[in-house]
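Fold and contact review
Given next are the chains, with one letter for each unit.
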Amino acid sequence: MALIKLFRLSTFLAVIAALHAGVVGRQCARALGNATLVANQLQLHYYNDSTGQYNNGELWTDANSLEDLHNLMLVTGNDDYHNVADSSYIGKAALDPYTDWTKLLDGSNDDAQWIILALWKIADYKTARDRDGSAYISSAAKIYDIVASQWDDTCGGGVWWSTDHTYKNAITNELFLLTSAAGYLRTNNETYLENAEKEWTWLSSSGMRGSSGLFNDGLELESCQNNGQTTWTYNQAVVASGLGALYAATRNTSLLDQAEVSLNATISSLTYNGILRESCDLVTSDGTTCDHDQQIFKGIWTKHVQYYLDNVDDTSRITKYSDFLGYQHSGVVNYAMNPAYDVGSVWYATNKGGSQWSPEASTSGLEALISAGKYGPC
Ligand SMILES: *[C@@H]1O[C@H](CO)[C@@H](O)[C@H](O)[C@H]1NC(C)=O
Ligand SMILES: *[C@@H]1O[C@H](CO)[C@@H](O)[C@H](O)[C@H]1NC(C)=O
Ligand SMILES: *[C@@H]1O[C@H](CO)[C@@H](O)[C@H](O)[C@H]1NC(C)=O
Ligand SMILES: *[C@@H]1O[C@H](CO)[C@@H](O)[C@H](O)[C@H]1NC(C)=O
Ligand SMILES: *[C@@H]1O[C@H](CO)[C@@H](O)[C@H](O)[C@H]1NC(C)=O
């Protein structure tokens, strides 16, 4: 209990200091204040010190939660979660040079890349605090090579979703665009840049993006045509953060226009009263709601808008999305958050029965608050 009070006090002091320094405007400070309360509750409610995992979580969503704690510490400047990474299941694997990543990843080429992103963010945090992040960087490089080997010519190119080689889908390839372009920015290694260019060339002509500008889930394997499956929110922003990173590497502004096509289509098609709404946020007649994977998608959209904007050096492009990020802060705080600072999965309206409570849903809300804190209307 005393520890919790200390956490919260340090947060308020950090936010007040930032306000006084003129670094963070009032509304953004509120978003970061809420983000810290939600992050503290995520750790208290779900994080399991003995397993280093989130109770009721999954490998890939745990990777996102760890990434977010470090993203938050980088944005606020505090160190509330400085010892989580090294004691987490994923962190311990990253610190062990003998980890068998092929075995741990179990053939999943999308999960692999969420882990790369988490390891990079942890390393960035450690580097920013003058600590050694090199083990995280070298594990990320090993995982990247495993994923890169999963590219082949079926349907003209692309990385397989899993080592079963039964599906080529949007998220795995959007992630490969991002990990390749961002990997190049980190290393200057041309192999990464070649992979990023190769991926965008293939992805942009794969047919997975429909006429509305939204990416569907993936390709029909026999015909190599768009399979018409769900246009999940996260698919529309991971591509944008990949394009933002490729823009930073090439300075080709058409890539930013392409990113805006996806972000704008999300805002016009996947929202209700200005707030993101996943198709599964609507309870269906048979009671079906979002599953654990789907409960984190909207937050990933907001996080990858942040990552996209991190690479955009044009203020007029950045401010286009400020108000929208601010609306997500309102939706999460007013509709989804409970008095204990857990966040439910439905943001667009007060809970009518479809809201799910899980580490994924709390992490999703946390991501919305961090991006509003960084790029919302301050
Ligand atoms: C959380 O956000 C709400 C709405 O903007 C704001 O009124 C409140 O002060 C924020 N909480 C914190 C701790 O900053
Ligand atoms: C941590 O996880 C283990 C294994 O799933 C479980 O037995 C234990 O109850 C959990 N601890 C807490 C505090 O939730
Ligand atoms: C560049 O990256 C590729 C892919 O990870 C790796 O195989 C290669 O060894 C790297 N080259 C150098 C010079 O580091
Ligand atoms: C810039 O990106 C656009 C959009 O993908 C592409 O069509 C164009 O060929 C690229 N230009 C150069 C010089 O690579
Ligand atoms: C996206 O929407 C913004 C305004 O909301 C607009 O300025 C921009 O031109 C749009 N981008 C594209 C590529 O349509």
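Conventions used here
Residues numbered from 1 in each chain as written. Chains lettered and ligands numbered in written order. Predicted model: local features only at pLDDT ≥ 70, side-chain atom pairs only at ≥ 80, totals over all residues. Heavy atoms only, no water. Salt bridge = Lys/Arg side-chain N within 4 Å of Asp/Glu carboxyl O. Helix = DSSP H or I, 4+ residues; strand = E, 2+ residues; numbered from the N terminus. Disulfide = S-S within 2.5 Å. Buried < 20%, exposed > 50% of the residue type's maximum accessible area, 1.4 Å probe, protein only. Near = heavy atom within 4 Å. Polar contact = N/O pair within 3.5 Å; in protein donor to acceptor, adjacent residues only side chain to side chain. Areas by Shrake-Rupley, 256 points an atom, 1.4 Å probe, with all protein chains shown as cover. Nonpolar A, V, L, I, M, F, W, Y, C, P; charged D, E, K, R; others polar. Lys, Arg positive; Asp, Glu negative; His and termini not counted. Contact = heavy atoms within 4.5 Å. Expected span 1.5 Å × (residues − 1).

An unreviewed UniProt entry lists the chain under the name Glycoside hydrolase family 76 protein, from Rhizopogon vinicolor AM-OR11-026.

1. Some remarks on the pattern of salt bridges
Inspection of the entire model under this criterion finds 14 salt bridges. The salt bridge involving Lys 374 is made with Asp 310; its shortest N-O contact spans 3.0 Å. Of the two residues, Lys 374 sits in helix H16 (residues 359-375) while Asp 310 sits in helix H13 (residues 297-310), which places them 64 residues apart along the sequence. When salt bridges that share partners are traced, they join Asp 257, Glu 260, Asp 314, Arg 317 and Lys 320 into one network.

2. Regarding the state of the cysteines
This structure, assessed with the given rule, holds three disulfides. Covalently, Cys 28 is tied to Cys 378 through a disulfide, its sulfur atoms 1.7 Å apart. Across the S-S bond of Cys 28 and Cys 378 the torsion is about -80°, and the bridge reads as left-handed. In this pair, Cys 28 is assigned in helix H2 (residues 26-46) and Cys 378 in the segment after H16, connecting sequence segments 350 residues apart. On the basis of relative accessible area, Cys 28 is assigned to the buried category, the value being 1%. Judged by relative accessible area, which is 56%, Cys 378 ranks as exposed. Across the disulfide from Cys 280 sits Cys 290; the S-S distance is 2.0 Å. Between Cys 280 and Cys 290, the S-S dihedral sits near 90°, and the bridge is therefore right-handed. Highlighted residues: Cys 280 in the loop between strand S4 (275-276) and H13 and Cys 290 in the loop between S4 and H13, separated in sequence by 10 residues. The class for Cys 290 is buried, based on a relative accessible area of 5%.

3. Description of the site of ligand 2
Around ligand 2, the neighbouring residues are Asn 48, Ser 50, Thr 51 and Asn 55. Within the side chain of Asn 48, a nitrogen or oxygen atom sits 2.3 Å from an oxygen atom of ligand 2. One of the side-chain N or O atoms of Asn 55 is found 2.8 Å from an oxygen atom in ligand 2. Relative to its unbound accessible surface of 360 Å², ligand 2 loses 29% to contact with the protein. Of the residues belonging to the shell around ligand 2, the class tally is no nonpolar, four polar and no charged.

4. Re the side chain of Asp 111
Relative to the helices and strands, Asp 111 is located in helix H7 (residues 109-128). One buried charge, Asp 111, has no salt-bridge partner; the nearest side chain with opposite charge is Lys 303, at 13 Å. Among the polar contacts made by the side chain of Asp 111, one reaches the side chain of Ser 108 at a distance of 3.4 Å.

5. Observations regarding the environment of Tyr 167
Inspection of the secondary structure assignment puts Tyr 167 in the loop between helix H8 (134-148) and helix H9 (170-187). Note on Tyr 167: relative accessible area 13%, which makes it buried. Expressed as a C-alpha distance, the spacing of Tyr 167 and Glu 220, which sit 53 residues apart in the sequence, is 7.7 Å. Contacts of Tyr 167, omitting those with residues within four sequence positions, involve Trp 160, Trp 161, Asp 217, Gly 218, Leu 219, Asn 227 and Gln 229. One polar contact links Tyr 167 to Asp 217, side chain to side chain, over a distance of 2.6 Å.

6. A word on helix H3 (residues 59-76)
Under the 1.5 Å per step criterion, the end-to-end length of H3 is 26 Å for 18 residues, consistent within 8% with the ideal 26 Å. With 15 of its 18 residues buried, H3 lies for the most part within the structure. Immediately beyond the C-terminal end of H3, within one or two residues, lies Gly 77, with a positive phi of roughly 85°.

7. Digging into the environment of Asp 281
Tracing the backbone shows Asp 281 in the loop between S4 and H13. Here Asp 281 falls in the buried class, since its relative accessible area comes to 3%. Note: C-alpha distance between Asp 281 and Ser 355 (74 residues apart in sequence) is 7.3 Å. In contact with Asp 281, other than residues within four places in its own chain, are Leu 276, Cys 290, Lys 298, Ser 345, Val 346 and Tyr 348.

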